[in-house]
Amino acid sequence: QQPVQSPQAVILREGEDAVINCSSSKALYSVHWYRQKHGEAPVFLMILLKGGEQKGHDKISASFNEKKQQSSLYLTASQLSYSGTYFCGTEPGNTDKLIFGTGTRLQVFP
Amino acid sequence: DAGVTQSPTHLIKTRGQQVTLRCSPKSGHDTVSWYQQALGQGPQFIFQYYEEEERQRGNFPDRFSGHQFPNYSSELNVNALLLGDSALYLCASSLVGLEQYFGPGTRLTVT
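Keep in mind that this is a model prediction, so the values were computed, not measured. (Residues numbered from 1 in each chain as written. Chains lettered and ligands numbered in written order. Predicted model: local features only at pLDDT ≥ 70, side-chain atom pairs only at ≥ 80, totals over all residues. Heavy atoms only, no water.)

### As for the interface of chain B and chain A
The partner chain A presents 14 residues to the 24 residues of chain B that form the contact. Linking chain B with chain A are 0 salt bridges, by the criterion used here. Of all elements in the fold, only β4 (31-37), β5 (44-50), β6 (53-57), β9 (87-94) and β10 (101-102) of chain B reach the threshold of two or more residues within the side of chain B that touches chain A. Classifying every residue of the side of chain B that touches chain A by side-chain character gives 10 nonpolar, 11 polar and 3 charged. (Contact = heavy atoms within 4.5 Å. Salt bridge = Lys/Arg side-chain N within 4 Å of Asp/Glu carboxyl O. Helix = DSSP H or I, 4+ residues; strand = E, 2+ residues; numbered from the N terminus. Nonpolar A, V, L, I, M, F, W, Y, C, P; charged D, E, K, R; others polar.)

### A short note on the pattern of salt bridges
All names here are of chain B. With the rule as written, the count across this model stands at 3 salt bridges over all chains. The residue R57 makes a salt bridge to E54 at a minimum N-O spacing of 3.0 Å. For R57, a relative accessible area of 25% puts it in the partly exposed group. The residue D85 makes a salt bridge to R63 at a minimum N-O spacing of 2.9 Å. Taken together, the positions of D85 in the loop between β8 (74-78) and β9 and R63 in the loop between β6 and β7 (64-68) put the pair 22 residues apart, joining distant regions of the chain. The pair formed by D85 and R63 is uniform in burial state, with each residue classed as buried. (Buried < 20%, exposed > 50% of the residue type's maximum accessible area, 1.4 Å probe, protein only.)

### Details of the layout of surface pockets
Of the pockets and cavities examined, the largest pocket occupies roughly 560 Å³. Lining of the largest pocket is provided by 23 residues; of these, Q36, H38, G39 and T85 of chain A together with G40 of chain B occupy positions nearest its centre. Looking at the lining of the largest pocket, the elements with two or more residues in it are β9 (84-91) and β11 (104-109) of chain A. Per-element accounting of the lining of the largest pocket gives the leading share, 4 residues, to β11 of chain A. One number sums up the size of the second largest pocket: a volume of about 350 Å³. (1 Å grid on protein atoms, 1.4 Å probe; cavity = no way out; pocket = protein on both sides within 12 Å on 5 of 7 lines; lining within 4 Å. Points joined across faces, edges and corners; volume = space filled by probe spheres on them.)

### What to know about the environment of G51 of chain A
Residue and element names in this part refer to chain A. Counting through the fold element by element, G51 comes out in the loop between β5 (43-49) and β6 (54-57). Assessed through its relative accessible area of 60%, G51 is described here as exposed. In sequence terms G51 and S63 are 12 residues apart; their C-alpha atoms lie 10.0 Å from each other.

### Digging into the sheet that holds β8 of chain B
All names here are of chain B. Ordered by their spatial adjacency, 4 strands build an open sheet running β1-β3-β8-β7, and the pairing between neighbours is antiparallel. With one partner strand each, in any of the chains shown, β1 (5-7) and β7 form the two edges of the open sheet. With direction set aside, neighbouring strand axes in the sheet form an average angle of 20 degrees. In terms of strand pairing, strand β3 (residues 19-24) meets β8 through 5 bridges, oriented antiparallel. Bridge assignment links C23 to a residue of β8, and that residue is S74. (Pairing = 2+ DSSP bridges. Axes fitted to C-alpha atoms, helices over the stretch in contact; angles between N-to-C directions.)

Function cannot be inferred from these measures alone, as they are strictly geometric.
Now the structure itself:
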């Protein structure tokens, strides 16, 4: 039931792009994306509701394919501050109960 | 505008003891969810409170219980602590159905 994220880890140079994928075996109502730095709480990035919409702010955007039960997070022109572990939180049905993925560790170097 | 706050920051307990963790939601939020995060893992949903009632529950034993007060703050209680209960406990607040904002967490160590 836990969504699977890929890749497990990404290493980037500043300015490079990355894509993180989140795949669920359950029908999803929404997908939430969070970034967590070591020793800190997860920080909310964005929420996508079913309907195939794409969202974004600054250089981070995401898409949600309801039929495939998949979501992707796109990081463009990465910055050092993007380093951390990214989690997708999936909501199966309109339950307001988030099930978090396995996490993707992203490291950005100068 | 204060965000989500949690207390205490760190806690060390002995196996078999009981613990209470506290959470104050972000201003304007009425829903509180609790998560357990083991080292290197994603947060696991424990339960959610709305209008002082437990609205949703994850796969956690009855040793885990909670409460929400009229001011929307919440407590998480864990009885008969086990070594495996050692983790970061996160509280997240929201308006029902919308994005959840996490507090800094309480690091619980059971010895």
